[in-house]
Structure formats: structure tokens, C-alpha cells
Amino acid sequence: MKIKKTKILYTFTILSAINISCATSKISDNKNPEKKYSYEQNERNIADSSNISKIKKNTEKEDFKVNLPAIKREFRGVWVASVANINWPSKNNLSVEQQKTEVINMLNMLQENNFNAVIFQVRPSADALYTSELEPWSYFLTGKTGQPPYPNYDPLQFWIEEAHKRGMELHVWLNPYRAHHSNGGALTSLSMANKLSDITIKLKNGMYWFDPADPRTQGHVSNVVKDIVKRYDIDAVHFDDYFYPYATYNRGADFPDHKTWAAYQSSGGTLSRADWRRDNVNKFVERIYKEIHAEKNYVKFGISPFGIWKPGYPAGIVGSSQYDELFADAKLWLNKGWVDYFSPQLYWPIDSKGQGFASLLNWWKSENTMNRHLWPGLNTVEVKSSDRATEIKNQVELSREILGNDAGEVHWSVSGLTKNANMLPALKNGPYKDKALIPKSPWIKTSSLKKPDLFIKDDGFFVQANWSSKNIGNVFQWVLFTQYNGVWETEILTLDQLSRQIPKMKSEKELQAVAIVAIDRLGNESDYIAKKVK
């Protein structure tokens, strides 16, 4: 409304000046009808034109060229797990209002501590924390598989709206192959492990797993992903480290995919069983990446695999091999660029023998041949350190040193921030002192934002600044720049902030200029517009 009032006042002032000119002309014409274009009248017209120019100049200062500072960028994400009610909802019997209150409190906390992304688990085990016609409502949401919340609402939509209000990205996190969790209540007729029992395998720890080799598994999960991408205003799709299950899930026994393995051999397949399993996952990852971008090019795809590809990569690294145990060739996905961001779970301390944080991160960086985002996952909950807060702060700072201008990290999980009284202060008073934008994704092509409109007006001890954009539907955030005594200050603002009263003096320094830049959902900047302050 403030922008409209400014424009109306400006138009009214100019029209008033023109009306005065017309009235003067008519009076002169009545006195001397035969001399309508006298020298005296020409002088009046010139004076009136000059007044209009002065009015316009005083109302809207001319924009000018400036050298703005670079905007701070870093991905600051956090996982919010719904499986087994780890993070949200905290219990599976909360009322809708209690669920919403937990969301609001969590997002407010993250915003206040300068986080900019949430990775929210919407499909923990072939179920849904959103409205779906493909899979049932989650047991972890309502305490009963298939039972909607009452009164009915869409949790995912609520998370998206509230995150975006706070200038934060919302990534949907899905577990592609887990069909039923052992903490997910009894199987019912609505459980996907029963509805798709011919492609589901029961493991010895009580979990149910979709067979990754079965084309029907791949087709079903693909449909689930495409459905979410199509219907919701999300910023990214996220898979974690679960592909073929960890060996402990089946008590050390081999994954029982005898049926699909026999079918592959009968069809003339020549790969070893291990290579065949990896090939199943590789094709699926590539398919999901391409399908997401075919539906909405700006929606990113991220994976957070186990932090070690194979023991010995790099030299000195020991531990489990996702390549051999999970049949996940995560190095290949990164090499091929089948992800937009890659978050290997580096859950060990910096000085860990056999799993050195810097060694692993540098190795993954060397494999990032397509220059995708590399943002490590940090074990904020239980990293083995006597001072976890300092350890995590140091890991953030070390990641910055290694990754440079495309730095970022994902914290496992939000509980690590809230249950350790020292964690948030260590981050907020240290590396997260200032807000940051998400790093750009230059390989994702999108339309450029138009230069914003900026209006400033003298308002006593303040300057009133108002701004907007002709394509505001594509704007996600704003960056406001103010210059005091030749030094620029930067402030990242949410989309709904369209005006600001800016003090003319601050710490005995004088306001000299104001500039505004629009930011799209991929972090791209519009051209700036700047105004001098007199």
C-alpha cells in the first residue's frame, strides 16, 4: 500500500501543476482572445514545465551506478526426521494445533539462528505426511496408518508455507526403498508392504524393503516423487543413505532378491550380482534426477550418502563400504552430475583416525567433476567429542576453508541444535553470525529477474524506502543495501518486506545511498537499483 500511495501522491502533484497551468492560460486567453500565444504565456508554460520537472526530481531520486559488496552465501540446512517421531511430530498422537505449534517453534528457532533450509522427511516408509492418493497417511503422524489428521490439513503444505515466509528453502526427504519401519505399528490392509507384497521383502530385523531391482518398485517410487514435485511448491527432493539395506538389517545375511536376480540371469544378463544391484540403483538415481527437472527445472535433487565410498579412498580411510554393502556407487552419481547437491554424511570428528573429516571432504571435492554443490552432513547430535558444540563449529569453519564460495553443510538433526544448550550459541556467535543466501546453481537455467523498482522519500530523521518488482511472482527474497559514510551494509529480507524506515544517521555516520536487489528461488540476483540520499 505504501508504494501505491507514493505513486498516487506523485501523480496528483503533477496533475495539480498541469491544472494550474491550464487555468492560467484560460484567464490570459479571456483577457486577450486575439493573442493566445503571447510571449508572456510562453514564459508561464516554460515555468510550469520546470516546476513539474522539479516535482518529479524531488519525488523520485535518480538511480546511479555503485559497487555493491558481494552477498554472503552458504547452505545452512537441517534434517527434520519424522520416522519413529525422532523430530516431528514429537509424538504420533498430537492434535493438529500441537503439530502446527511445533512447526512454528522449530522454524522460528532456525530463522533466528540464521539457517536457510529445512530437509523435512515426508515419506519415511512408503507412507505420507502429506495428502496422497498413492500411499497412506503415516503412522508417525496420527498413530494409525491411513488415518488423516483431524481436522484435516496438509502438513507438507503447512511446512512449505511457513518455511517460505521465513525466507527458508523446504526440501522434501523421501526414503525410496523402505516399505515399512519396525517402529511403524502393525501392518494393515492399507500398508504398502501389504498392497505391494509381491515386490516387498521382509528383513530379519522386522523392516520391509522394496526390491530395488523390480521395475515396479522403480515405477512406483518415480510416481510418488513426480506427484510431489508437480503438486507442491518445494525447493528440492532429497534421498538419504538407504538404498539396499545395511547388512545388520538382515542380521548379516545377503539381501534375498533371488526372484529378480534369477529373472535377470534368464534374460541373458551378464553382470555380477553386486554390479547388477549397483546398476539398478544407478539407473534409478539418473531417472529421478531427470524426471524432477523435466517436471520443474528449478527443483533441485540432493542425496546424502554414507560418508565413505570405499575403504582406502582416500588413502588411510577405513570403515564400511557403501559401494559393497549398500550397492550405492555415490561417486558415480557425483561424477555424472545426477545430483544438484551432494551431502556425504561425514559424522566423525575432525581428528578421527581412519575417518578424517578434512581428508574425506577433500576427496569428495576431487570427485566433484561436474561442480555440483558439495555440502557435507554433520553429526550435530552425537559426534564423538567432549565438546560437541566447538567440534561442530570447527567443522563448519573447516568446510568453508575447503569449499570456498560454495560452502554449506546439513546438520543431523534439529535435535542436535535444541538438546545441547551450547550448540546454537556456538553457531550464532560464530560462523552463523550473519544471514546468508543459498549458493547459486548456475547449471540450472532460468529466466532472469527484472530490476526492482525503488522509491525513497525524506521523512524527517528517516528515509522511507519502498520497493517491488514487475515479476514479483518469481522473487523469493530481497537484499537491502544501505551506505553510511561510504561503507555499505547488507540485510537479507523475506519476500513480504517491501518497505523500510532507514535512519539518516547511525553511530554518527550519515546515510548516503540505498540499493535493493531481488533474489529468485535459486539464489540468482537481479540487477540492482540504487538511489542517492540528499
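Report follows, based on the coordinates. Because the structure is a prediction, the values reported are computed rather than measured. (Residues numbered from 1 in each chain as written. Predicted model: local features only at pLDDT ≥ 70, side-chain atom pairs only at ≥ 80, totals over all residues. Heavy atoms only, no water.)

1. Here we look at the overall build of the chain
Helix and strand counts for the chain stand at 15 helices and 20 strands. Partitioning the contacts of the chain with sequence separation of at least 6, the portion at a separation of at least 24 is 72%. Carbon and sulfur atoms provide 50% of the accessible area of the chain, an area that totals close to 24300 Å². (Helix = DSSP H or I, 4+ residues; strand = E, 2+ residues; numbered from the N terminus. Contact = heavy atoms within 4.5 Å. Areas by Shrake-Rupley, 256 points an atom, 1.4 Å probe, with all protein chains shown as cover.)

2. Considerations on the layout of surface pockets
Looking at the largest pocket, its volume works out to about 500 Å³. The residue inventory of the lining of the largest pocket, partitioned by class, reads 13 nonpolar, six polar and four charged. (1 Å grid on protein atoms, 1.4 Å probe; cavity = no way out; pocket = protein on both sides within 12 Å on 5 of 7 lines; lining within 4 Å. Points joined across faces, edges and corners; volume = space filled by probe spheres on them. Nonpolar A, V, L, I, M, F, W, Y, C, P; charged D, E, K, R; others polar.)

3. Re the sheet that holds strand β17 (residues 499-503)
Strand order in the open sheet formed by three strands is β13-β14-β17, and the pairing between neighbours is antiparallel. Here the strands that pair on one side only, and so sit at the sheet edges, are β13 (453-459) and β17. If you compare each strand with its neighbour and ignore which way they point, the axes differ by 20° on average. By the bridge criterion, five bridges tie strand β14 (residues 462-468) to β17 in an arrangement that is antiparallel. (Pairing = 2+ DSSP bridges. Axes fitted to C-alpha atoms, helices over the stretch in contact; angles between N-to-C directions.)

4. Notes on the packing of helix α7 (residues 215-231) against helix α9 (residues 273-295)
It is at 10 Å that the axes of α7 and α9 come closest, and there the two elements cross at 25°. With respect to α9, the element α7 is oriented roughly parallel. Between α7 and α9 the crossing geometry is right-handed. Contacts between α7 and α9 involve Gln218, Gly219, Val221, Ser222, Val225, Lys226, Val229 and Lys230 from the first element and Asn280, Phe284, Arg287, Ile288, Glu291, Ile292 and Glu295 from the second. Considering only residue class, the contact of α7 with α9 consists of six nonpolar, four polar and five charged. (Parallel < 35°, antiparallel > 145°, perpendicular 65-115°, else oblique. Left-handed = near helix turned anticlockwise from the far one by under 90°.)

5. Considerations on the side chain of serine 125
On the secondary structure map, serine 125 appears in the loop between β2 (117-123) and α4 (139-142). When its relative accessible area of 6% is taken as the criterion, serine 125 is described as buried. Contacts of serine 125, omitting those with residues within four sequence positions, involve Phe140, Arg178, Ala179, His180 and His181. (Buried < 20%, exposed > 50% of the residue type's maximum accessible area, 1.4 Å probe, protein only.)

6. Quick word on the sheet that holds strand β11 (residues 377-378)
If you walk across this open sheet you meet the nine strands as β10-β9-β8-β7-β3-β2-β1-β12-β11, and the pairing is parallel. The sheet is open, and its two borders are formed by β10 (373-374) and β11, each paired with just one other strand. Pairing between strand β1 (residues 75-80) and strand β12 (residues 408-411): four bridges, direction parallel. Each bridged residue has a counterpart across the sheet, and for glycine 77 the counterpart in β12 is valine 410. Its contacts with the sheet place helix α5 (residues 155-165) against β1, β2 and β3 (169-174), and it is angled at close to 150° to β3.

7. Overview of the pattern of salt bridges
Side chains that differ in sign of charge can pair as their charged atoms come close. All chains considered together, the criterion is met by 26 salt bridges. Across the pair arginine 76 and glutamate 74 runs a salt bridge whose closest N-O atoms are separated by 2.9 Å. For the pair arginine 76 and glutamate 74, a shared accessibility class is recorded, and that class is buried. In this structure, arginine 166 engages glutamate 162 in a salt bridge whose closest nitrogen and oxygen atoms are separated by 2.8 Å. Take arginine 166: its relative accessible area is 13%, and that puts it in the buried class. (Salt bridge = Lys/Arg side-chain N within 4 Å of Asp/Glu carboxyl O.)

8. Focus on the environment of isoleucine 308
Along the chain, isoleucine 308 turns up in the loop between β8 (300-303) and α10 (322-325). Sequence separation between isoleucine 308 and leucine 346 is 38 residues; the distance between their C-alpha atoms is 8.0 Å. Not counting chain neighbours up to four residues away, the residues in contact with isoleucine 308 comprise Ile317, Val318, Gly319, Ser320, Gln322, Trp348, Gln355, Leu360 and Trp364.

9. Some points on the packing of aromatic side chains
This model, assessed by the stated rule, comprises 34 aromatic pairs. Measuring from centroid to centroid gives 5.7 Å for tyrosine 139 and phenylalanine 140, while their planes differ by 80°, and the two rings are edge-to-face. The exposure class of phenylalanine 140 is buried, given its relative accessible area of 1%. Seen in terms of ring centroids, tryptophan 309 and tyrosine 323 are 5.4 Å apart; in terms of plane orientation they differ by 70°. Their pairing is edge-to-face. In this pair, tryptophan 309 sits in the loop between β8 and α10 while tyrosine 323 sits in helix α10, placing the two residues 14 residues apart along the sequence. For the pair shown, tryptophan 309 and tyrosine 323 are each scored as buried. The structure contains a cluster of three or more aromatic residues connected by ring pairs, namely Trp309, Tyr313, Tyr323, Phe342, Trp363 and Trp364. In this structure, lysine 310 is placed above the aromatic ring of tyrosine 323, and the distance from its NZ or CZ to the ring centre is 4.1 Å. Here the basic side chain of lysine 331 rests over the ring of tryptophan 309, its NZ or CZ set 5.1 Å away from the ring centre. (Phe/Tyr/Trp six-rings, centres within 6.5 Å; stacked < 30°, edge-to-face > 60°. Lys NZ or Arg CZ within 6 Å of the ring centre and 35° of its normal.)

10. Some details on the side chain of glutamate 391
Mapped onto the secondary structure, glutamate 391 falls in helix α13 (residues 388-403). At 9.7 Å, arginine 388 is the nearest oppositely charged side chain to glutamate 391, a buried residue that forms no salt bridge. Only 2.8 Å separates the side chain of glutamate 391 from the side chain of glutamine 395, close enough to count as a polar contact. When residues no more than four places from it in sequence are discounted, the contact partners of glutamate 391 are Pro349, Ile350, Val383 and Ser385. (Lys, Arg positive; Asp, Glu negative; His and termini not counted. Polar contact = N/O pair within 3.5 Å; in protein donor to acceptor, adjacent residues only side chain to side chain.)

11. Quick look at the pairing of β2
Within β2, seven of the seven residues are buried, which leaves the element mostly enclosed by the surrounding structure. As paired elements, β1 and β2 share four bridges and run parallel to each other. By the bridge assignment, tryptophan 79 is partnered in β2 with isoleucine 119. Chirality of the crossover, the property in question, places the unit of β1, helix α3 (residues 96-112) and β2 among those that are right-handed. (Right-handed = clockwise from strand over helix to strand, strands pointing away.)

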